[in-house]
Amino acid sequence: KFEYKMRLVYAHFPINANIINSGKTLELRNFLGEKIVRTIHMLPGVIVEKSASTKDELIVVGTDIELTGRSAALIHQSCLVKDKDIRKFLDGVYVSSHGAKEE
């Protein structure tokens, strides 16, 4: 199994992450205070879960490294800052660590 740990990073508006459909879908709300709800569907065989130990951390787990990495990339790309200075607005969802997970 492969796992990607992702952190929700925000300066002011706390990003709200809801996992629905038993880990197959992720909803991100309140990114930069926007009202739109970002819905990300995981690729087949990939599950997303919230970290029990760390606040604002998502764990993307799957058996196929390609699909797991692509799901992590979809989450990252859904929260990109548009029309603002990206050096100042560092909010988003970033991969903090990744690798194989021993069972």
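So, how was this worked out
- Residues numbered from 1 in each chain as written.
- Predicted model: local features only at pLDDT ≥ 70, side-chain atom pairs only at ≥ 80, totals over all residues.
- Heavy atoms only, no water.
- Helix = DSSP H or I, 4+ residues; strand = E, 2+ residues; numbered from the N terminus.
- Rg over C-alpha atoms; globule rule 2.2 N^0.38 Å.
- Buried < 20%, exposed > 50% of the residue type's maximum accessible area, 1.4 Å probe, protein only.
- Areas by Shrake-Rupley, 256 points an atom, 1.4 Å probe, with all protein chains shown as cover.
- Patch = residues over 30% accessible without salt bridge, like charges linked within 9 Å, V, L, I, M, F, W, Y side chains within 5 Å.
- Salt bridge = Lys/Arg side-chain N within 4 Å of Asp/Glu carboxyl O.

Honestly, the overall build of the protein chain in this entry has me stumped. Any pointers?
In terms of helices and strands, the protein chain carries one helix and seven strands. In the protein chain, the succession of α and β elements from N to C terminus is β-β-β-β-β-β-α-β. Over its C-alpha atoms the protein chain spans a radius of gyration of 13 Å, differing by no more than 12% from the 13 Å that the globule rule assigns to 103 residues. In terms of principal-axis extent, the alpha carbons of the protein chain reach across some 40 × 25 × 25 Å. Counting over 103 residues, the protein chain shows a buried share of 37%. If you sum the accessible surface of the protein chain, you get close to 6,400 Å²; carbon and sulfur atoms cover 54% of it.

Looking at this structure, I do not really get a nonpolar patch on the surface. What am I missing?
On the surface, a cluster of nonpolar side chains totalling about 240 Å² of accessible area is made up of Val-9, Leu-90 and Tyr-94. Mapped onto the fold, Leu-90 is located in the loop between helix H1 (65–78) and strand S7 (92–100).

What is the right way to look at the pattern of salt bridges in this model?
Oppositely charged side chains can form a pair if their charged atoms are brought close together. What the rule picks out here adds up to four salt bridges. Residue Arg-38 is joined to Glu-34 by a salt bridge in which the shortest nitrogen-to-oxygen separation is 2.9 Å. By relative accessible area, Arg-38 is classed as buried at 12%. The exposure class assigned to Glu-34 is partly exposed, which follows from its relative accessible area of 31%.

Everything listed here is a matter of coordinates, which is why it stays silent on function.
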